[in-house]
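Close look at the chain arrangement
The chain contents come next:
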Amino acid sequence: LSTFAPSGPLRGVKRDLYEGGIREPMVAWWPGTIAPGRISRHIGYFGDILATFAELARGDTPAGLDSLSFASELRGLPQTPKDHLYFEFVEHGGKQAVRKGKWKAVRFGIGQGALELYDLDTDLGEAHNVAEAHPDVVAQLATIMEKEHVRDERWLPSGTRRADPP
């Protein structure tokens, strides 16, 4: 008996921070610019579409947004990659993830809990936590998580107290 596996070989499902929950393909069609069958390895996220469309329309990206145009990648030109991608969900006590190059860190509990570390070049299914073998990478990605997390009273992990009103 076969079971439907929408994430294929990737671990996780929608709303997980493993690749099976956040990795999405993108298809682009631009005759005369994007070669048929071309595959890009550019890593971005949905918010980058705003900066990309703004650039292609010769407009400005609104200030203060975390959006990087990938128009160069679409044109087959050198593309500046993002330094890292940060993900956070507040449900069930919260969870965080950072993707930086080949490394991916996942943590359950915002600002607490042990980090899991995966080398996506050799372990796309995130089956082998290599955190103990790479404490320097774990520390670097933990620092990114701390920097990227912004406490917002509207989005607190369950079980977290709201600050007393002023």
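See the structure printed just above.
Report on the accompanying structure. (Residues numbered from 1 in each chain as written. Predicted model: local features only at pLDDT ≥ 70, side-chain atom pairs only at ≥ 80, totals over all residues. Heavy atoms only, no water.)

It is worth spelling out the overall build of the chain at this point. Helix and strand content of the chain: 4 helices and 4 strands. Sequence-ordered secondary structure for the chain, helices as α and strands as β, is α-α-α-β-β-β-β-α. Along the first, second and third principal axes, the C-alpha set of the chain runs to 55 × 55 × 40 Å. Looking at the chain residue by residue over its 166 residues, the buried ones come to 36%. (Helix = DSSP H or I, 4+ residues; strand = E, 2+ residues; numbered from the N terminus. Buried < 20%, exposed > 50% of the residue type's maximum accessible area, 1.4 Å probe, protein only.)

Next up on the list: the sheet that holds strand β3 (residues 103–108). Judged by pairing direction, the sheet is antiparallel, and its 4 strands sit side by side in the order β1-β2-β3-β4 without closing on themselves. Since the sheet does not close on itself, it has two edges, and those belong to β1 (85–89) and β4 (115–119), each with one partner. For this sheet, the mean inter-axis angle between neighbouring strands, taken without regard to orientation, is 15°. Sheet topology note: the β1/strand β2 (residues 95–100) ladder contains 5 bridges and is antiparallel. The residue bridging Tyr-86 from the neighbouring strand is Val-98, located in β2. (Pairing = 2+ DSSP bridges. Axes fitted to C-alpha atoms, helices over the stretch in contact; angles between N-to-C directions.)

With that settled, consider the side chain of Ser-7. Within the secondary structure layout, Ser-7 lies in the segment before α1 (19–22). Taking relative accessible area as the criterion, Ser-7 reaches 17% and is therefore assigned buried. Only 2.8 Å separates the side chain of Ser-7 from the backbone oxygen of Gly-12, close enough to count as a polar contact. Ignoring any residue separated from it by four or fewer positions in sequence, one finds Ser-7 in contact with Gly-12, Val-13 and Gly-20. (Polar contact = N/O pair within 3.5 Å; in protein donor to acceptor, adjacent residues only side chain to side chain. Contact = heavy atoms within 4.5 Å.)

Moving on, we get to the pattern of salt bridges. Tallied over the entire structure, the rule returns 10 salt bridges. A salt bridge links Asp-48 to Lys-82, with the shortest nitrogen-to-oxygen separation between them at 3.2 Å. Of the two residues, Asp-48 is situated in helix α2 (residues 48–56) and Lys-82 in the loop between α3 (71–74) and β1; the sequence distance between them amounts to 34 residues. One exposure class covers both Asp-48 and Lys-82, and it is buried. Salt-bridge contacts for Asp-83 lead to Lys-100; the nearest nitrogen and oxygen are separated by 2.5 Å. One end of the pair, Asp-83, is in the loop between α3 and β1; the other, Lys-100, is in strand β2, with 17 residues separating them in the sequence. A network of salt bridges, in which partner residues are shared, links Glu-19, Arg-23, Lys-104 and Glu-126. (Salt bridge = Lys/Arg side-chain N within 4 Å of Asp/Glu carboxyl O.)

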